[in-house]
Amino acid sequence: MSIETVPRFQWLRRILASVTVALLLLPASPAGSASPERGAAAAAVARVAAMAAAMETQTFHERDLLATPGVVAVGLGDGRAGGELELHVYRTDGDRALSDGLPALVGGLPVRVFRTNAFRALDGPPGFSHRQSFALPVPMGVSTGNNNGCSAGTLGFRVVRISDGVPGYVTAAHIASAGTSQFCPNAAKVGEPQFQPGLLDGSCAAGSPPIGRLGRTTRVAMSTDASNRVDASFVKSRRSWVDKYILDIGDPSPAIASPIIGETVQKSGRTTGLTQGTVVSTNVTLLVGYGVCGVAKFLRQIIVAGTAFVQPGDSGAALLSLRKDRSGRYRPIGLIFAGSDQFAAANPIRDVMAALGTAIDTAD
């Protein structure tokens, strides 16, 4: 299978072509020497090419890997020495040895197996200081939910809808669009009122006027053969009702970023507050449980490791890099939506914004 025949990787080919052109345009060095600029550009070309090849290998083999008993996720990450790429396999506990039935190499990529329990959508108890009621405009990173049951998630990023300039915020779809007593996503209708805090943190009753209404939501297909990309909703609101400020983090940068394997990241959530973790894997294909609602397969996800990085109730939380823009604001990279006891899963923020037609709102 060649890169040219895989539309899923066209964006990587464009990056590779751009970096190659930049390399050719760099000034020549004296005979026998290599300029630092050329060396860095050549390394970037090699890294992008290696990632493209690894993504092809992953796509070709991941169906068989996910069919292996206990395997719930497959992604890409750096080797233990921080060098060549590895194929990361996440496997639930069982009587089997961690590597039973799994090859040591797949398509030339070393296979590294991580032990985890099942990934699940992170709505519900327990709680932390971010679950209290806040005065308007409420910050991001705190408790929210709709009126369809005693549950709670997290306000993510304040955004603006690109088509008409309407402000609002994003959170997880299984928080804003939850419906019925089972809290299944996509059950609430457009216009569903949203509250702060979520009902779970308000004695299971809405204790204040709504801070917005459901404007748009992504549909989560409950199938292990699905191709879900995001679990996210846009809630229409007002800037006088919701603040761009993320509690304990500050105003986010409008310049969103892609995750870097091995980088330290942070999130502000309803349950665990401000925590930091490490990006372990990207381009992850992941099976996520939604209780009685079913199991959904997601593509192109981010996996983060960290001690008590997330717990139930942190769904919808903003995930940001420690990299800053020129104004000193942290750059957004994802939206938390699921996790296990050992890891957190996030939708890439680029995919969230594209799916909902929104952009980070930086207006005062």
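Here, every reference points to the structure presented above.
Sequence positions are assigned chain by chain, starting from 1 and proceeding in written order. Totals for whole chains, interfaces and linings use every residue, but because this is a predicted model, local features are given only for residues with pLDDT of at least 70 and side-chain atom pairs only at 80 or more, for both listing and counting. Note that water and hydrogens are dropped before the side-chain values are worked out from all heavy atoms of the structure.

The next thing to look at is the sheet that holds strand β7 (residues 143-146). A sheet is described by the order of its strands in space; here 8 strands give the open sequence β8-β7-β11-β12-β13-β10-β9-β21, paired in antiparallel fashion. The open sheet has two free edges, formed respectively by β8 (153-154) and β21 (358-360), since each of these has just one partner strand. Sitting on the sheet, helix α4 (residues 349-356) is in contact with β9 (157-161), β10 (167-171), β12 (212-217), β13 (233-236) and β21, with an inclination near 135° to β21. Strand pairing requires that DSSP identify at least two bridges connecting the strands. Each helix is a run of DSSP H or I of at least 4 residues and each strand a run of E of at least 2, with the numbering of both proceeding from the N terminus. What makes two residues a contact is simply this: any of their non-hydrogen atoms within 4.5 Å. Between N-to-C directions, angles span 0 to 180 degrees; the directions come from axes that are lines fitted to C-alpha atoms, helices contributing only their stretch in contact.

Moving on, we get to α4. Buried, partly exposed and exposed residues are distinguished by accessible area as a fraction of the type maximum, computed with a 1.4 Å probe on protein chains only: under 20%, between the cut-offs, and over 50%, respectively. When α4 is considered as a whole, its buried residues turn out to be I349, D351, V352, M353 and L356. Directly beyond the C-terminal end of α4, a positive phi value near 70° is found at G357.

Salt bridges are identified by distance alone: a Lys or Arg side-chain nitrogen within 4 Å of an Asp or Glu carboxyl oxygen. Applying the stated criterion across every chain, the model contains 12 salt bridges. The salt bridge involving R120 is made with D341; its shortest N-O contact spans 3.3 Å. Pair noted here: R120 is in strand β5 (residues 120-121) and D341 is in the loop between β19 (330-339) and β20 (343-348), with a separation of 221 residues, a long-range link. Of the residues examined, R120 reaches a relative accessible area of 28% and is grouped as partly exposed. Look at D341 and you get exposed, because its relative accessible area is 56%. Between D201 and R270 there is a salt bridge, with the nearest N and O atoms lying 2.5 Å from each other.

Pairing of aromatic rings covers Phe, Tyr and Trp, the last counted by its six-membered ring, and requires centre-to-centre distances within 6.5 Å; plane angles under 30 degrees mean stacked, over 60 mean edge-to-face, and any other angle means tilted. This structure, assessed with the given rule, holds 5 aromatic pairs. Seen in terms of ring centroids, F298 and F337 are 4.8 Å apart; in terms of plane orientation they differ by 50°. Their pairing is tilted. Remark: F337 occurs in strand β19 and F298 occurs in strand β17 (residues 295-305); sequence separation between them is 39 residues. The buried category is assigned to F298, whose relative accessible area is 0%. Clustering of aromatic rings is evident, with ring pairs tying together Y90, F114, F119 and F343. By definition, being over a ring means that NZ of Lys or CZ of Arg is both within 6 Å of the ring centre and within 35 degrees of the ring normal. When the ring centre of F309 is taken as origin, the NZ or CZ atom of K267, which lies over that ring, is 5.6 Å away.

To continue, consider the environment of T92. Within the secondary structure, T92 sits in strand β2 (residues 85-92). Taking C-alpha positions, T92 is 6.4 Å from V71, a pair spaced 21 residues apart along the chain. Beyond its immediate sequence surroundings of up to four residues, T92 is in contact with G70, V72, T116, N117 and A118.

To continue, consider empty space enclosed by the protein. Lining residues are defined by having an atom within 4 Å of a point belonging to a cavity or pocket. Those points lie on a 1 Å grid over the protein atoms alone, cavities being sets where a 1.4 Å probe fits but cannot get out and pockets being open sets with protein on both sides within 12 Å along at least five of seven lines. Grid points are joined across faces, edges and corners, and a volume is the space filled by probe spheres set on the points. All chains considered together, the criterion is met by 1 cavity of 30 Å³ or more. Volume-wise, the largest cavity comes out at about 60 Å³. If you trace the largest cavity, you find it lined by G145, N146, G149, S151, A152, H174, I175, A178 and F183. Sorting the residues of the lining of the largest cavity by element identifies β7 and α3 (173-176) as the ones contributing at least two each. A breakdown of the residues in the lining of the largest cavity according to their chemical character gives 4 nonpolar, 5 polar and no charged. Any residue outside Ala, Val, Leu, Ile, Met, Phe, Trp, Tyr, Cys, Pro, Asp, Glu, Lys and Arg is labelled polar, Gly included; the first ten of those are nonpolar and the last four are charged.

The definition of a nonpolar core used throughout is a set of buried Ala, Val, Leu, Ile, Met, Phe, Trp, Tyr and Cys residues joined through side-chain atoms within 4.5 Å. Membership of the largest hydrophobic core comes to 31 residues, with the highest contact counts inside it found for L155, F157, Y169, I246, L320 and V352. Counting residues per element, the ones that place at least two in this core are β6 (138-140), β9, β10, β13, β14 (242-246), β18 (318-324), β19 and α4. In terms of residues, this core owes the most to one element, α4, which gives 4 residues. In contact with L155, other than residues within four places in its own chain, are V138, P139, M140, G141, V142, S143, T144, Y169, V170, Q196, I211 and G316. Among the nonpolar cores identified, the runner-up in size contains 20 residues, and A73, V280, L286 and A338 belong to it.

Let us now look at the layout of surface pockets. Approximately 190 Å³ is the volume attributed to the second largest pocket. Forming the boundary of the second largest pocket are T59, E62, R63, L66, A67, T224, D225, A226, S227, L287, K297 and L299. Looking at the lining of the second largest pocket, the elements that each hand over two or more residues are α2 (36-66) and β17. Residue contributions to the lining of the second largest pocket peak at 4 residues, all from α2. A breakdown of the residues in the lining of the second largest pocket according to their chemical character gives 5 nonpolar, 3 polar and 4 charged.

Only a pair of cysteine sulfur atoms within 2.5 Å counts as a disulfide in this structure description. A full pass over the atoms with the stated rule returns 2 disulfides. Two residues share a disulfide in this structure: C150 and C204, whose sulfurs sit 1.8 Å from each other. Between C150 and C204 the sulfur-sulfur dihedral comes to about -70°; the bridge is accordingly left-handed. With C150 in the loop between β7 and β8 and C204 in the loop between β11 (193-195) and β12, this pair connects stretches of sequence that are 54 residues apart. For C150, a relative accessible area of 27% puts it in the partly exposed group. The disulfide that involves C184 links it to C293, with 2.0 Å between the sulfurs. Looking along the S-S bond of the C184-C293 disulfide, the torsion reads about -95°, which is the left-handed sense.

In the sheet, β10 pairs with β13 via 4 bridges, with the strands oriented antiparallel. Its bridge partner lying in β13, G168 is registered against K236. The pairing of β12 with β13 spans 4 bridges and is antiparallel. In the strand pairing of β13, R213 is matched with K236.

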